[in-house]
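Structural description and commentary
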Amino acid sequence: MGTSRIARSALPLQVAAVCYRRRNSHAEFLLVNTNGGGKWTFPKGAPDARLSHSQAAEREAREEAGAIGLIEPHHFHAYVHSKGVFWQSGGVQEYVVKAFLMEVQETRRPDETFRNPTWFDSDQARAILAKGREVKYARELQAVVDRALEHLGASRLALIR
């Protein structure tokens, strides 16, 4: 499975598809409701031993957002995410999430119908990803948007050359 900067005894791993589409000179991001429905996030889930991490992220995009497109084979960013709340049994569990950029070519009805996939421009995405989250996790998700924009800008420049 290659080398990793994260020790095996560290946080559990998830994979995310950072779904985007280009609109004129800017990018829009496809976000989904969390399981509880109160927050927005990128489609994500556990890796699958039968799939590469990018393939598992692509599966999550299809299941949660109904998104079909081209996913990059390597993650462009890793971030820390949490699930749960401290006052419930099980408390808060943190995960390391590998984020993969996926250019969406078409959408269909997601398998998980409660997810409500919705397109947001980058400013809206940054704001809605922060809503209802602790500052630490809000900043992690906002950084994903920032890194995605940097990566997309760099790839656009590569196409121009």
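Residue indices follow the written sequence of each chain, beginning from 1 at its first position. The predicted nature of this model means local features are confined to residues of pLDDT at least 70 and side-chain atom pairs, given and counted, to a pLDDT of 80 or more, with totals for whole chains, interfaces and linings taken over all residues. Heavy atoms throughout the structure, all of them, feed into the side-chain values; hydrogens and water do not.

1. Observations regarding the nonpolar core
- Core analysis: the biggest nonpolar cluster contains 23 residues, and V18, F29, L31, F42 and Y79 have the highest contact counts within it.
- Elements represented by at least two residues in this core include exactly strand 1 (13-23), strand 2 (26-33), strand 7 (93-107), helix 2 (122-130) and helix 3 (135-160).
- Examining the composition of this core, we find that five residues originate from one element, helix 3, more than from any other.
- The criterion used for residue contact is that any of the two residues' heavy atoms lie within 4.5 Å. Discounting residues that sit within four places of it in the chain, Y79 has contacts with A16, F42, K44, Y95, V96, V97, A99, E140, L141 and V144. Nonpolar cores were defined as sets of buried Ala, Val, Leu, Ile, Met, Phe, Trp, Tyr and Cys residues, with membership established by side-chain atoms within 4.5 Å. Burial classes follow relative accessibility: with a 1.4 Å probe on protein chains only, a residue under 20% of its type's maximum area counts as buried, one over 50% as exposed, and anything between as partly exposed. Strands are runs of DSSP state E lasting at least two residues, helices are runs of H or I lasting at least four, and both sets are numbered from the N terminus onward.

2. Structural notes on the packing of aromatic side chains
- Side-chain rings of Phe, Tyr and Trp (the six-membered ring for Trp) are treated as a pair once their centres are within 6.5 Å; stacked means planes under 30 degrees apart, edge-to-face means over 60, and tilted covers the remaining angles. Considering all chains together, one arrives at one aromatic pair under this definition.
- Measuring from ring centre to ring centre gives 5.2 Å for W40 and F120, while their planes differ by 75°; the resulting arrangement is edge-to-face. Of this pair, W40 sits in strand 3 (residues 40-41) while F120 sits in strand 8 (residues 118-121), and the two are 80 residues apart along the sequence.

3. A closer look at unusual backbone geometry
- In this structure, N24 takes a positive phi of about 55° despite not being glycine.
- Among the structural elements, N24 can be located in the loop between strand 1 and strand 2.
- The phi angle at N116 is positive, at roughly 50°, despite the residue not being glycine.
- Among the secondary structure elements, N116 is positioned in the loop between strand 7 and strand 8.
- A residue is classified by how much of its surface remains accessible, and N116, at 41% relative accessible area, is partly exposed.

4. What to know about the side chain of S122
- By secondary structure assignment, the location of S122 is in helix 2.
- Here S122 is in contact with A27, F29, V145 and L149, once residues within four sequence places are set aside.

5. Quick word on the confidence of the model for the protein chain
- pLDDT measures the predictor's confidence residue by residue and takes values from 0 up to 100. When the pLDDT values of the protein chain are averaged, the result is 87; 84% of them are 70 or greater.
- Per-element confidence in the protein chain is highest for strand 5 (residues 67-71), whose mean pLDDT is 98, and lowest for helix 3, whose mean pLDDT is 81.
- Overall, residues 157-161 carries pLDDT values under 50, and its contacts beyond four positions in sequence, including any with other chains, amount to zero contacts.

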